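Each chain, written out:
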Amino acid sequence: MSALHPFSLLAIAAALPAFAWILPAPAGGLATALIAMGLTLTPGARSGSTSAGLTPRWRPGLVTFRTALVIAAPFWLFLRLLHDVPTTVAMGLRITTMVASCVWLVAVLSPDRLVEAMVARGWSLAVAYLFAATLSAVPVLKARARRIVEAQRCRGLSPRGSVANRLRALRALALPLVLSALHEVDERTLALETRGLGMGVRRTPLAAPLDRTAERVARWTLLLLCLAALIRRLA
């Protein structure tokens, strides 16, 4: 999957939630949820970043599948507390599709390939960087949080035990994490300004991803299918 063009990956991740909400429940949501959860099992899921935050590490897709389950499970609980069983199933399957699609997209889409693809299409570099920074934010923050937890453990602060201990550990984690993220924003802003990000000059991509004709046709087909399903639903 990671070999597909970044725009194809974005199209798949956007089409599945669209179909989940357009198609009749619960059959439509069940079909899209199964497809989305199946995609999370595909190999090549990126689970984190190196200390520099640039080079991804790769693990089997089972990690991505488990992440999608963990994120989607609380939504099912909250829905069950507020609604009856049919509504819970209908809404839960749709939300599961959205969660699994987003988790899969973050896991399989390389930010640098997305930037190259957007620059090759003539998009603004600022917009391309915004998309790439959003995709890489979660792995970078996870890696930084892991380092902070390890540093706090070396100082004798345990994140386990009573509720009070967990709250102290959470505060000791949150403050350095937020401050380091804000400091990194300043550093990245200065680096991007030094490289002329806001000059408005069109960049030349170094290694633009190959956009095959079959993929372009598939993307337009997904769009037309979404529009047809929406029109039929409204009619």
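Please read all numbers here as calculations on a predicted model, not as lab measurements.

**Student:** Pulling in residues and values, what's your account of the overall build of the protein chain?
**Tutor:** Helix and strand counts for the protein chain stand at 8 helices and 2 strands. Starting at the N terminus and ending at the C terminus, the protein chain contains elements arranged as α-α-β-β-α-α-α-α-α-α. Put simply, of all contacts in the protein chain between residues at least 6 apart along the chain, 72% involve residues at least 24 apart. When the accessible surface of the protein chain is split by element, carbon and sulfur atoms take 71% of a total near 14,300 Å².

**Student:** Could you give an account of helix H8 (residues 213-234), naming the residues involved and the relevant values?
**Tutor:** Its 22 residues place the ends of H8 32 Å apart at the C-alpha level, agreeing with the 32 Å of an ideal helix rising 1.5 Å per residue. Among the residues of H8, those classed as buried are Glu215, Arg219, Cys226 and Ala229. Around the axis of H8, the buried residues are gathered within 95° of arc, so they sit on the same side. Exposed residues lying more than 90 degrees from the buried face of H8 are Thr213, Ala214, Trp220, Leu224, Ile231 and Arg232. Packing partners of the buried residues in H8 comprise helix H1 (6-22).

**Student:** Tell me what's going on with helix H2 (residues 27-40), and back it up with residues and numbers.
**Tutor:** Here H2 contains 14 residues, and its C-alpha end-to-end distance of 20 Å stays within 8% of the 20 Å for a straight helix at 1.5 Å per residue. Gly28, Gly29, Thr32, Ala33, Ala36, Met37, Leu39 and Thr40 are the residues of H2 that are buried. The buried residues of H2 all sit within an arc of 150° when viewed along its axis, so they share a single face. More than 90 degrees from the buried face of H2, the exposed residues found are Ala27 and Leu34.

**Student:** Any details on the nonpolar core? Residues and values, ideally.
**Tutor:** Residues Leu9, Trp104, Leu105, Leu109 and Leu114 are the most contacted members of the largest nonpolar core, which totals 26 residues. Elements supplying a minimum of two residues to this core: H1, H2, helix H3 (61-82), helix H4 (85-108), helix H5 (111-120) and helix H6 (125-154). In terms of residue count, H4 provides more of this core than any other element does, 7 residues in total. Two domains each provide a minimum of three residues to this core, namely domain 1 (6-116 + 209-234) and domain 2 (123-199). By size, the runner-up hydrophobic cluster in this structure holds 5 residues, among which are Ala15, Phe19, Ile22 and Cys226.

**Student:** Break down unusual backbone geometry for me, with residues and values.
**Tutor:** In this structure, Pro26 follows Ala25 across a cis peptide bond, with omega equal to 0°. Within the element layout of this structure, Pro26 appears in the loop between H1 and H2.

**Student:** Kindly report on the confidence of the model for the protein chain, identifying the contributing residues and their values.
**Tutor:** Across the protein chain, the average pLDDT comes to 80, with 79% of residues at or above 70. With pLDDT under 50 throughout, residues 47-59 is counted as low confidence; its partners more than four residues away or in other chains account for 24 contacts.

**Student:** How would you summarise the pattern of salt bridges if you had to cite specific residues and measurements?
**Tutor:** Any two side chains of opposite charge can pair if their charged atoms end up close together. Counted by the stated rule, this structure contains 3 salt bridges. In this structure, Arg212 engages Glu215 in a salt bridge whose closest nitrogen and oxygen atoms are separated by 2.8 Å. Overall, the relative accessible area of 8% leaves Glu215 in the buried class. Salt bridges here are not isolated pairs; linked through shared partners, they connect Arg121, Asp211 and Arg219.

**Student:** Talk me through the environment of Leu170; I want residue IDs and the actual numbers.
**Tutor:** With respect to the element layout, Leu170 can be found in helix H7 (residues 163-194). We classify Leu170 as exposed; its relative accessible area is 51%. Sequence separation of Leu170 and Val149 is 21 residues, and the distance between their C-alpha atoms is 9.4 Å.

Reading guide: rules and limits
Position numbers for residues start from 1 in each chain and track the written sequence from start to end. For a predicted model such as this one, the threshold for reporting local features is a pLDDT of at least 70, and the threshold for listing and counting side-chain atom pairs is 80 or more; totals across whole chains, interfaces and linings nevertheless cover every residue. Hydrogens and water molecules were not included; the side-chain quantities draw on all heavy atoms of the structure. Secondary structure follows DSSP: runs of H or I at least 4 residues long count as helices, runs of E at least 2 residues long count as strands, and numbering of each begins at the N terminus. Pairs of residues are marked as contacts when any of their non-hydrogen atoms sit within 4.5 Å. Only the protein chains shown count as cover for residues, with accessible areas throughout obtained via the Shrake-Rupley method and a probe of 1.4 Å. To estimate the expected span of a helix, subtract one from its residue number and multiply by 1.5 Å. Throughout, exposure labels follow a simple rule: accessible area from a 1.4 Å probe, protein chains only, divided by the maximum for the residue type, with under 20% read as buried, over 50% as exposed, and the rest as partly exposed. This arc is built from the directions going out from the helix axis to the C-beta atoms. Throughout this description, the term nonpolar core refers to a set of buried Ala, Val, Leu, Ile, Met, Phe, Trp, Tyr and Cys residues connected via side-chain atoms within 4.5 Å. Residue ranges assigned to each domain were obtained from an automatic or database domain assignment. Residue-level confidence of the predictor is what pLDDT reports, using numbers from 0 through 100. Put simply, a salt bridge is a Lys or Arg side-chain nitrogen that is within 4 Å of an Asp or Glu carboxyl oxygen.

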